[in-house]
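So the chains spell out like this:
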Amino acid sequence: MFYVYYFFLFVITAIAEIIGCYLPWLVVKQGKPLILLIPAVCSLLIFCGLLTLHPAAAGRTYAAYGGVYILVALAWLRWVEGISLGRDDYLGALIIFLGVLVIMGQPLSKGLLK
């Protein structure tokens, strides 16, 4: 059960990070209003706070988070930016998801829930 909780916590953390980086990108690359930097900063602060809720600040935790971040970034690409994903995107996502499961699925004494 904890694995599902932490997986979804990783997803929410990744969304906060992506929003915090995407809004400044819109300002710089697409000339959107500077006011977007305010919610960007708020989102990055939320992202930092969410990172403290993860089980440990260990490399294994960040490796698992990195995989989930990639999955969320691909979903963002598809659903927010409207760019269709290709076969290789889906294959890569599957491989990454399996990697996240392997990293998170280690015994509790060695894994994320240390």
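Residue positions are given per chain, counting from 1 as you read along its sequence in written order. Per-residue local features of the predicted model are confined to residues with pLDDT of at least 70, and side-chain atom pairs are confined, for both listing and counting, to 80 or more; whole-chain, interface and lining totals are unaffected and use all residues. Values shown for side chains rest on all heavy atoms present in the structure; no hydrogens or waters enter the calculation.

J.: Explain a nonpolar patch on the surface residue by residue, including any values.
T.: Here the term patch refers to residues with relative accessible area over 30% and no salt bridge, with like charges joined within 9 Å and nonpolar side chains (Val, Leu, Ile, Met, Phe, Trp, Tyr) within 5 Å. The Shrake-Rupley method, run with a 1.4 Å probe sphere, supplies the accessible areas, and residue values consider only the shown protein chains as cover. Between Lys or Arg on one side and Asp or Glu on the other, a salt bridge is scored when a side-chain nitrogen of the former is within 4 Å of a carboxyl oxygen of the latter. Residues Leu91, Leu94, Ile95, Phe97, Leu98 and Leu101 make up a contiguous nonpolar surface patch of about 540 Å² in total accessible area. Secondary structure elements follow DSSP: runs of H or I no shorter than four residues count as helices, runs of E no shorter than two count as strands, and numbering proceeds from the N terminus. Among the structural elements, Ile95 can be located in helix H4 (residues 87–104).

J.: Tell me about the confidence of the model for the protein, and name the residues and values.
T.: Every residue is assigned a pLDDT by the predictor, reflecting its confidence on a scale from 0 to 100. For the protein, the mean per-residue pLDDT works out to 89, and 89% of the residues sit at or above 70. Mean pLDDT across the secondary structure elements of the protein bottoms out at helix H3 (residues 59–79), with 91, and peaks at helix H2 (residues 37–51), with 95.

J.: Can you break down H4 residue by residue, with the values?
T.: Over its 18 residues, H4 runs 26 Å from end to end, which matches the ideal 26 Å to within 8%, given 1.5 Å per residue. The buried label applies to any residue whose accessible area, calculated with a 1.4 Å probe on protein chains only, is under 20% of its type's maximum; exposed applies above 50%, and partly exposed to all values in between. Listing the buried residues of H4 in full gives Ala93, Val100 and Met104. Down the axis of H4, the buried set is contained in an arc of 25 degrees. They therefore lie on one face. Residues of H4 that are exposed and point more than 90 degrees away from the buried face comprise Arg87, Asp88, Ile95 and Val102. The secondary structure elements touched by the buried residues of H4 are helix H1 (2–30) and H3. Here the expected span of a helix is defined as 1.5 Å times the quantity of residues minus one. The arc in question is the one traced by the directions running from the helix axis out to the C-beta atoms. The criterion used for residue contact is that any of the two residues' heavy atoms lie within 4.5 Å.

J.: So what about the packing of H1 against H2? Which residues, and what values?
T.: To obtain each axis, a line is fitted to C-alpha atoms, and for helices this fit is confined to the stretch in contact; angles are then taken between N-to-C directions over 0 to 180 degrees. One can describe the packing of H1 onto H2 by two numbers: an axis separation of 8 Å at closest approach and a directional angle of 155 degrees. As the angle between them shows, H1 and H2 are arranged roughly antiparallel. Crossing angle aside, the handedness with which H1 passes H2 is left-handed. Residues Leu9, Ile12, Thr13, Ala16, Glu17, Ile19, Gly20, Cys21, Leu23, Pro24 and Val27 of H1 pack against Leu37, Pro39, Ala40, Ser43, Leu44, Ile46, Phe47, Leu50 and Leu51 of H2. Geometric relationships in this document are graded by angle, where less than 35 degrees denotes roughly parallel, more than 145 denotes roughly antiparallel, 65 to 115 denotes roughly perpendicular, and other angles denote oblique. Each crossing is labelled by how the near helix is turned from the far one, with a counterclockwise turn of less than a right angle marking it left-handed and a clockwise turn marking it right-handed.

J.: Pulling in residues and values, what's your account of the packing of aromatic side chains?
T.: We call Phe, Tyr and Trp rings a pair once their centres come within 6.5 Å, taking the six-membered ring for Trp, and we label the pair stacked below 30 degrees between planes, edge-to-face above 60, and tilted otherwise. This structure, assessed with the given rule, holds 8 aromatic pairs. An angle of 35 degrees between the planes, with centres 6.4 Å apart, marks the rings of Phe47 and Tyr65 as tilted. Of the two residues, Phe47 is situated in helix H2 and Tyr65 in helix H3; the sequence distance between them amounts to 18 residues. An aromatic cluster is defined as three or more aromatic residues linked by ring pairs; in this entry it consists of Phe10, Phe47, Tyr65 and Tyr69. Over the ring of Trp79 we find Arg78; its NZ or CZ atom is 4.8 Å from the centre of that ring. Charge over a ring is defined by NZ of Lys or CZ of Arg lying within 6 Å of the ring centre and within 35 degrees of the ring normal.

J.: Explain the nonpolar core residue by residue, including any values.
T.: Among buried residues, those of type Ala, Val, Leu, Ile, Met, Phe, Trp, Tyr and Cys that are joined through side-chain atoms within 4.5 Å constitute a nonpolar core. One finds Phe7, Phe10, Val68, Val72 and Met104 to be the most contacted residues of the largest nonpolar core, which totals 21 residues. A total of 11 residues in this core trace back to one element, the largest contributor, which is H1.

J.: If you had to explain the side chain of Ser43 to someone new, which residues and values would you point to?
T.: Among the secondary structure elements, Ser43 is positioned in helix H2. Here the side chain of Ser43 touches Ala16 through a polar contact of 2.5 Å, landing on its backbone oxygen. With residues up to four places along the chain from it excluded, the contact list for Ser43 reads Ala16, Ile19 and Gly20. Polar contacts, as counted here, are pairs of nitrogen or oxygen atoms within 3.5 Å of one another; within protein the pair requires one atom able to donate a hydrogen and one able to accept it, and residues that are adjacent in sequence qualify only if both atoms are side-chain atoms.

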